[in-house]
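Survey of secondary and tertiary structure
Chain by chain, the residues run as shown.
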Amino acid sequence: LFDIALCFLLAILLILNYCAHDFAEDWTYPILNGGLALFTVLTVVFDTPFTFQLAKESIPEEHWDSDVLFSACKRLAFVWTAAFSVIAVVGTVATVLHLHKQMFAVLCHQVVTVAAMIISSTTMQFAFARVCKQLEESLDGYQQIDGMASPQ
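This write-up is about the structure you can find in this document. What you are looking at is a predicted structure, and each value in this text was computed from that prediction instead of being measured.

Observations regarding the pattern of salt bridges
Applying the stated criterion across every chain yields a total of one salt bridge. A salt bridge links Asp47 to Lys74, with the shortest nitrogen-to-oxygen separation between them at 2.9 Å. With Asp47 in the loop between helix H2 (21–45) and helix H3 (50–58) and Lys74 in helix H4 (residues 67–96), the pair connects residues that are 27 residues apart, well separated along the chain.

Encoded structure:
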C-alpha cells in the first residue's frame, strides 16, 4: 500500500514537473511531504498503519498478532506523520518566503528526518523486546536452549 501511494505521489510530481517546471521546482518537497503525511495519517485512521507492513518483513510471523507490536507500529506511524507534517510546513513556509533553497530549510528537513528514524528504530527495538518477553511468559513449560524454546 505504501509503495502504491508513493508511486502515485511521484507520478503527480512528474506530471507537475513536465507541465509546470518552475512551480514543481519550488513546491516538490512541500507537496511530497504533505502527501506522505496525508497517507500516513490515513493508514492510522483506517487502522492499517504502514509501519505494520514494514514490521512484518522483519519480525517472525508468529508475532504478527501481538497487540504490543500493533500498538508500537501505530505510534510509529504517528511519529512519521508528525515528521512529514513538520517537513511539509517548514518547506511551505520556506517556499512562500523564498527561503526554500537556503540552508535552514535543508537542515530542518534533515534533522527532522534523522530524528524520526532514531525514534522509529528505538521504538521498534523496544516493541520487539516486549513481544519476546510476552512470548517467554507464554512458554512457561519450555526451556531455552541456544535461544530456541523446547519442551522440558
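On we go.
Section: the packing of aromatic side chains
The tally for this structure, following the rule as stated, stands at four aromatic pairs. With a centroid separation of 6.3 Å and 50° between ring planes, the pair formed by Phe39 and Phe50 is classed as tilted. Here the residue Phe39 occupies a position in helix H2, and Phe50 occupies one in helix H3, the gap between them amounting to 11 residues. Phe39 sits in the buried class, given a relative accessible area of 13%.

Looking at the nonpolar core
Formed by 17 residues in total, the largest nonpolar core has its most connected members in Leu32, Leu36, Phe50, Trp80, Ala83, Phe84 and Val112. Elements with a minimum of two residues in this core: helix H1 (2–19), H2, H4 and helix H5 (103–138). Apart from residues lying up to four places away in sequence, Val112 is in contact with Ala83, Val86 and Ile87.

The rules behind the values
Residues numbered from 1 in each chain as written. Predicted model: local features only at pLDDT ≥ 70, side-chain atom pairs only at ≥ 80, totals over all residues. Heavy atoms only, no water. Salt bridge = Lys/Arg side-chain N within 4 Å of Asp/Glu carboxyl O. Helix = DSSP H or I, 4+ residues; strand = E, 2+ residues; numbered from the N terminus. Phe/Tyr/Trp six-rings, centres within 6.5 Å; stacked < 30°, edge-to-face > 60°. Buried < 20%, exposed > 50% of the residue type's maximum accessible area, 1.4 Å probe, protein only. Core = buried A, V, L, I, M, F, W, Y, C linked by side-chain atoms within 4.5 Å. Contact = heavy atoms within 4.5 Å.

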